[in-house]
Structures are given as structure tokens and as C-alpha cells.
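# Report on the structure
Spelled out, the chains give:
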Amino acid sequence: IGNSGGSGGGGGDWGGVGYAGGAGTAGQGYVGGAGSAANGGGGGGGGAFEAGSVGTSTKGGDGGDGLASSISGTSTYYAGGGGGGGYDTVITASSGGQGGGGYGPAYYGTGTAGALNTGGGGGGGSRLSESVGGGAGGSGIVIVRYQLNA
């Protein structure tokens, strides 16, 4: 079962059972996608704007998109979910959500890290004969904006 948090983690797949994604926190993020029930891909992590997608027999679930903000002066996405990792029959890598989410590799490999200064989730690792770790979450950012009096 995916971990709950600001945005929920994607659910895994083990022994032909697809596990549910973790819950997101209201006002912060969305639920992670469920894992495939066919020895396939894990679910994508939830983003700040949308839920992660469900893993299938051939692909890990894509991470949910983050939320766009123009506080820096440029529209930028933050807090995208990481893509789900694959296992056995997975032949297509999953995508991280807009906002820095890392991708989950196809078949076997380590998930990529979330992008710096975005708070994006890391991609899930894949498993063949041994478990491989997921990518680290991207660092966050603090932007302080205030008006100067003339």
C-alpha cells in the first residue's frame, strides 16, 4: 500500500495483487495510483494538482501533475508525483508528473530523482530478481515575495 502524505505514494504489485495508492492530504495533494494486479507496474504518485495513474501489466502508472504558480514571476509547476516502477512484463517507462516528478524505469532499474527546487516526487524503482530503490524526492523551494513601498 502506498504511503500517505501531502500527496500519496503509488501502490505496489506483489504476487498478482495490486495494492492501493496512499491518500493525499486535503488542500495539499492527491491520492497515488494503485499498482497493477498482473505482476506489472506500480502506481504513480499523486501530485499537488491530480492523482497518480494506475499501473498496468506493461507500464508503471504516471505521476500526477503538480500545481502551477507564478509567484516567481514565471509560471512554474511544483510538487509533481513520481512515476511508478515496473516489474517482469513492464516494457514502457512511466513519466513523472509536471512539477519535477521523476520517472519509473521499465523492467529493471532505479527510479530517477525528482527535480531540484520543485518538491517533485522520485520515481519508483523496478524489480527483476532483486528490489531496486526509488529515486529521491526533489528539494523544495521557499520564495518570499513582498511589495516595496516607493
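Residues numbered from 1 in each chain as written. Predicted model: local features only at pLDDT ≥ 70, side-chain atom pairs only at ≥ 80, totals over all residues. Heavy atoms only, no water.

## A few points about the overall build of the chain
Across its full length, the chain holds 0 helices and 4 strands. Relative to the globule expectation of 15 Å for 150 residues, the C-alpha radius of gyration of the chain, 15 Å, shows essentially globular dimensions. Taken across its 150 residues, the chain has 35% of its residues classed as buried. Look at the contacts in the chain between residues 6 or more apart in sequence, and 28% of them connect residues 24 or more apart. (Helix = DSSP H or I, 4+ residues; strand = E, 2+ residues; numbered from the N terminus. Rg over C-alpha atoms; globule rule 2.2 N^0.38 Å. Buried < 20%, exposed > 50% of the residue type's maximum accessible area, 1.4 Å probe, protein only. Contact = heavy atoms within 4.5 Å.)

## What about the side chain of Asp13?
Tracing the sequence through the fold places Asp13 in strand E1 (residues 13–14). Since its relative accessible area comes to 14%, Asp13 is described here as buried. A polar contact of 2.5 Å, which involves the side chain of Asp13, links it to the backbone nitrogen of Gly40. Setting aside chain neighbours within four positions, we find Asp13 in contact with Ser36, Ala38, Asn39, Gly40 and Gly41. (Polar contact = N/O pair within 3.5 Å; in protein donor to acceptor, adjacent residues only side chain to side chain.)

## What about the pattern of salt bridges?
Overall, the coordinates contain 1 salt bridge when judged by the stated rule. Across the salt bridge formed by Lys59 and Asp62, the nearest N and O atoms sit 2.5 Å from each other. Looking at Lys59, the relative accessible area reads 23%, which means it is partly exposed. Given the relative accessible area of 27%, Asp62 is considered partly exposed. (Salt bridge = Lys/Arg side-chain N within 4 Å of Asp/Glu carboxyl O.)

## Focus on a nonpolar patch on the surface
Judged by side-chain polarity, Ile1, Trp14, Val17 and Tyr19 come together as a nonpolar surface patch covering roughly 450 Å² of accessible area. With respect to the element layout, Val17 can be found in strand E2 (residues 17–18). Since its relative accessible area comes to 38%, Val17 is described here as partly exposed. (Patch = residues over 30% accessible without salt bridge, like charges linked within 9 Å, V, L, I, M, F, W, Y side chains within 5 Å. Areas by Shrake-Rupley, 256 points an atom, 1.4 Å probe, with all protein chains shown as cover.)

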